[in-house]
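# Structural characterization, general
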Amino acid sequence: MSEGLLLSIIIVISLFGLLVAYLLAKWVLKKGVGSEAMQRISNAIKEGAEAFLRRQFKTIIYLALMFAMILFIGYGFIRSHRDFDPVNTSIGLGFWITLSFVLGALCSLIAGYIGMWVSIRSNIRTATAAMSSVDQAVRIAMRGGAVSGLMVVSMSLLGVAGLYALVKFISAVEATRIPFLIVGYGFGASFVALFAQLGGGIYTKAADVGADLVGKVEAGIPEDDPRNPAVIADLVGDNVGDCAGRGADLFESTAAENIGAMILAAVMAEKVPDANPLWILGVMLFPLVARAFGIIASVVGILMVKVKGDEDPMKGLNRGYYIAVILAMIGFAIASRWLLHHESAPHAWINFFFAGLIGVVTSVAFVYITQYYTEYKYRPTLSIAEASQTGPATNIITGVAVGLECTALPVLVISAAILGAYYLGATSGFKDAGLFGTAVATMGMLATAAYILAMDTFGPITDNAGGIIEMSHQPEEIRKRTDRLDAVGNTTKALTKGYAIGSAALAAFLLFSAYLDEVRNYGLNLKSVDIAKPEVFIGALLGGMLVFLFSAFAIRAVGRAAFYIIKDVRAQFQEKPGILAGTEDPDYGRCVDIVTKGALKEMVLPGLLAVLMPVAVGIIFKLLGIGAETVASLLMVGTITGILLATFFNNSGGAWDNAKKYIESGFLGGKGSDTHKAAVVGDTVGDPFKDTAGPSLHVLIKLLSTITLVLAPLFI
């Protein structure tokens with residue numbers, strides 16, 4: 001085993017993932033594109049999504065370049081060089097951290113753009129296939145989504161491994177200290193993810209709320225009705241929010257977790273007696289090797305997806321998922337035995353394999369918990385639907401109660417996972433290996449991230465396909481098929497949100513531990529965080545407050561942007577009375593432009609709040625001699641609060657949405673009834689919860705960890 005061999009395996013498998021993504025994209029793009037009417041709608045969605053992303057990426061690039069300059073100046077010129085720094089000069093430290101930040105941001109943008117480029121071309125091909133075969137439609141939607149999943153995970157891994165190799169072969173830095181130089185990669189990915197998820201989330205929900213309130217409630221027209229001026233903006237929003245936004249979210253999860261796990265692995269491996277340098281190197285690169293094997297497992301799972309006869313499409317997706325999970329665990333076992341076995345603790349690798357298994361079981365548990373709280377087969381969502389019979393107020397009261405209740409089970413599962421993985425690490429035979437055990441559990445949870453993200457992108461593709469079928473006036477039988485696929489897509493989107501918050505919770509604990517290790521590496525022996533100190537207590541309070549204030553800004557942004565859409569839709573109905581009669585066409589482009597400008601304007605304030613708050617706290621409290629510990633308390637309490645609030649937002653929003661869908665299926669009065677109108681109001685409240693604030697909080701949790709990892713030396 002050599003360093004060159006391990007890096008070659010990681011880089012080759014990453015490139016294999018990118019090659020498969022290219023071949024899947026080629027396969028999807030060869031499929032039929034339907035009638036001229038269908039193409040016209042698909043092209044409008046495509047143009048709107050690409051126009052939004054171009055403008056959004058331009059804004060993100062300006063902000064990222066500005067922050068990169070601040071990082072370089074802060075490390076290269078303001079902060080003086082210390083003896084324990086990984087490189088010999090301040091300029092050198094500033095260069096590597098800034099370069100890794102820029103590369104992390106760039107890779108995230110590229111992966112997100114390519115994934116969405118394919119998804120907005122998969123929708124019409126899925127719609128066309130649905131006219132003849134559910135199986136073909138599912139395969140096209142899943143493989144179109146898989147391009148995004150494989151691009152994100154492969155680019156994330158390739159970036160970390162490539163950056164590691166670059167530092168190794170250009171500079172003389174000791175291998176175990178390289179992760180401290182490339183922590184900026186995770187921060188760059190987090191920076192992009194925050195603005196991508198915020199901007200996309202504000203866009204999609206502003207368009208959705210505007211389309212629903214004026215279209216469904218005021219005008220009484222169905223969802224995806226071509227007479228609704230906001231309908232194209234709504235369909236564009238599904239892509240920029242659920243595809244580009246979630247892709248950036250999971251890109252930063254895998255990037256930050258890879259680097260955090262490498263830091264913890266190096267710290268643990270160096271404490272093992274008689275460990276030779278090559279073995280230590282293998283332990284440190286274990287997270288990257290295990291992630292590479294997960295890419296292969298996900299590829300096999302994706303290719304195995306098919307629908308047999310008239311079975312529920314969800315069964316076909318679940319079958320592929322379980323195949324991916326089993327193969328990922330086999331790969332995990334091989335990597336554990338190969339890289340974590342040591343004569344001083346011959347059974348340690350088995351403990352770490354079981355820690356990874358805990359991560360997988362945790363991800364499955366989160367899938368089932370999310371299903372229980374968001375699907376209308378079960379009590380929580382049914383209780384919201386029943387409450388709608390007495391009006392919007394009782395619908396909202398019950399939905400809030402469901403959201404508050406649904407925080408309990410995830411917390412118990414996360415707690416059991418962290419404890420179980422910690423004790424498996426602690427009893428492995430390696431000294432102080434408990435934290436590395438939790439890192440391995442996080443790696444297990446993210447082992448099939450490519451497959452999970454493919455299922456997530458399946459959602460907007462099938463949603464768009466249904467809209468194309470509806471708007472091009474296809475037969476009712478075809479619409480029923482796409483409705484079936486859309487329902488499955490809604491489930492996969494909800495499950496991915498549950499998965500994302502679970503992985504964020506485990507990753508945040510891992511990254512918090514990595515922060516403490518990094519602080520110790522930079523010369524401050526911070527073993528614990530003492531909340532009895534007033535400065536540290538204030539840091540904790542500020543961390544909790546940041547989560548609530550950020551959520552308020554995100555939700556208010558949706559309200560403001562939706563206000564402009566509602567005004568425009570009402571104005572178009574007044575200007576052109578023939579729209580509702582079907583004799584005049586609405587101006588879809590006007591709505592798309594309004595919501596694009598609104599979303600980009602509104603994403604800046606909450607985004608800058610999240611980035612600047614931990615920096616300000618660290619620098620101000622450094623003047624009091626307690627910067628690193630105060631930031632640690634902000635990070636810890638902000639993470640805990642963020643996990644709980646994100647779970648509340650995700651599940652309550654999903655339950656409100658599916659309560660409305662249950663009534664639309666013909667129960668409790670069906671479409672157009674007072675019960676339905678009450679459920680639409682509840683769904684409108686839940687929209688910014690589940691698609692803007694909740695997903696953005698996943699990113700905030702990890703951004704707090706990555707920004708503190710990058711800036712830790714400035715707080716000491």
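Here is what the cut-offs are and how they apply
- Residues numbered from 1 in each chain as written.
- Predicted model: local features only at pLDDT ≥ 70, side-chain atom pairs only at ≥ 80, totals over all residues.
- Heavy atoms only, no water.
- Phe/Tyr/Trp six-rings, centres within 6.5 Å; stacked < 30°, edge-to-face > 60°.
- Helix = DSSP H or I, 4+ residues; strand = E, 2+ residues; numbered from the N terminus.
- Buried < 20%, exposed > 50% of the residue type's maximum accessible area, 1.4 Å probe, protein only.
- Salt bridge = Lys/Arg side-chain N within 4 Å of Asp/Glu carboxyl O.
- Axes fitted to C-alpha atoms, helices over the stretch in contact; angles between N-to-C directions.
- Left-handed = near helix turned anticlockwise from the far one by under 90°.
- Contact = heavy atoms within 4.5 Å.
- Nonpolar A, V, L, I, M, F, W, Y, C, P; charged D, E, K, R; others polar.
- Core = buried A, V, L, I, M, F, W, Y, C linked by side-chain atoms within 4.5 Å.
- UniProt positions renumbered as here; feature names shortened; annotations may be inferred.
- Parallel < 35°, antiparallel > 145°, perpendicular 65-115°, else oblique.
- Patch = residues over 30% accessible without salt bridge, like charges linked within 9 Å, V, L, I, M, F, W, Y side chains within 5 Å.
- Areas by Shrake-Rupley, 256 points an atom, 1.4 Å probe, with all protein chains shown as cover.

Working definition: an aromatic ring pair is given by the centre-to-centre distance plus the angle between the planes. Summed over all chains, the structure comprises 30 aromatic pairs. When the centroid spacing of 5.4 Å and the interplanar angle of 75° are considered together, the rings of Phe67 and Phe187 count as edge-to-face. Of the two residues, Phe67 sits in helix α2 (residues 36-78) while Phe187 sits in helix α6 (residues 183-219), which places them 120 residues apart along the sequence. The pair formed by Phe67 and Phe187 is uniform in burial state, with each residue classed as buried.

This paragraph deals with the pattern of salt bridges. According to the stated counting rule, one finds 22 salt bridges in the structure shown. Between Glu50 and Arg121 there is a salt bridge, with its nearest N and O atoms 2.9 Å apart. In this pair, Glu50 is assigned in helix α2 and Arg121 in helix α3 (residues 90-130), connecting sequence segments 71 residues apart. For Glu50, a relative accessible area of 13% corresponds to the buried category. The salt bridge partner of Glu470 is Arg479, with a shortest N-O separation of 3.5 Å. For Arg479, a relative accessible area of 11% puts it in the buried group. Taken together, the salt bridges that share partners define one network made up of Asp657, Lys660, Lys661, Asp683, Asp687, Lys690 and Asp691.

In this section: the packing of helix α11 (residues 379-387) against helix α20 (residues 627-664). Two numbers describe how α11 lies on α20: the axes approach to 8 Å, and their chain directions differ by 65°. Both α11 and α20 take part in a crossing whose hand is right-handed. Facing α11, whose interface residues are Thr381, Leu382, Ile384 and Ala385, α20 presents Ala655, Trp656, Asn658, Ala659, Tyr662 and Ile663. Partitioned by chemical class, the residues of the contact of α11 with α20 number 8 nonpolar, 2 polar and no charged.

What follows covers the nonpolar core. Tyr164, Phe286, Leu317, Phe436 and Tyr515 are the most contacted members of the largest nonpolar core, which totals 257 residues. Of the residues forming this core, the biggest block, 22 residues, is contributed by helix α7 (residues 231-269). Look past the residues within four positions of Tyr515 in its chain and what remains in contact with it is Ala628, Val631, Ala632, Leu635, Thr708, Leu709, Ala712 and Phe715.

As a further point, take the environment of Ser705. Topologically, Ser705 is positioned in helix α21 (residues 674-711). Residue classification places Ser705 among the buried residues on the basis of a relative accessible area of 0%. Considering only alpha carbons, one finds Ser705 and Lys308, 397 residues apart in sequence, at a separation of 44 Å. When near neighbours in sequence (up to four residues on either side) are disregarded, Ser705 contacts Ala508, Leu511 and Leu635.

Before going further, it helps to spend a moment on the UniProt feature "site: Determinant of potassium independence" (unreviewed entry) in the chain. UniProt marks Lys493 with the feature "site: Determinant of potassium independence" (unreviewed entry), using the numbering shown here. Relative to the helices and strands, Lys493 is located in helix α16 (residues 476-521). Setting aside residues no more than four positions away along its own chain, Lys493 makes contact with Asp242, Asp456, Gly459, Pro460 and Asp463.

Moving on, we get to the packing of α2 against α3. Helix-helix packing is described using two parameters, namely the angle between the two axes and the distance between the axes. Their axes nearest at 10 Å, the elements α2 and α3 cross at an angle of 175°. Considering the angle they form, α2 stands roughly antiparallel to α3. Of the residues in the contact of α2 with α3, the class split is 27 nonpolar, 8 polar and 3 charged.

A few words on a nonpolar patch on the surface. Together, Phe16, Ile296, Val300, Met304, Ile326, Leu327, Ile330 and Ile334 line one region of the surface with nonpolar side chains, adding up to about 660 Å² of accessible area. Only α8 (277-303) and α9 (313-340) provide two or more residues apiece to the nonpolar patch. Looking at which element gives the most residues to the nonpolar patch, the answer is α9, with 4 residues. In this fold, Met304 is placed in the loop between α8 and α9. By relative accessible area, Met304 is classed as partly exposed at 43%.

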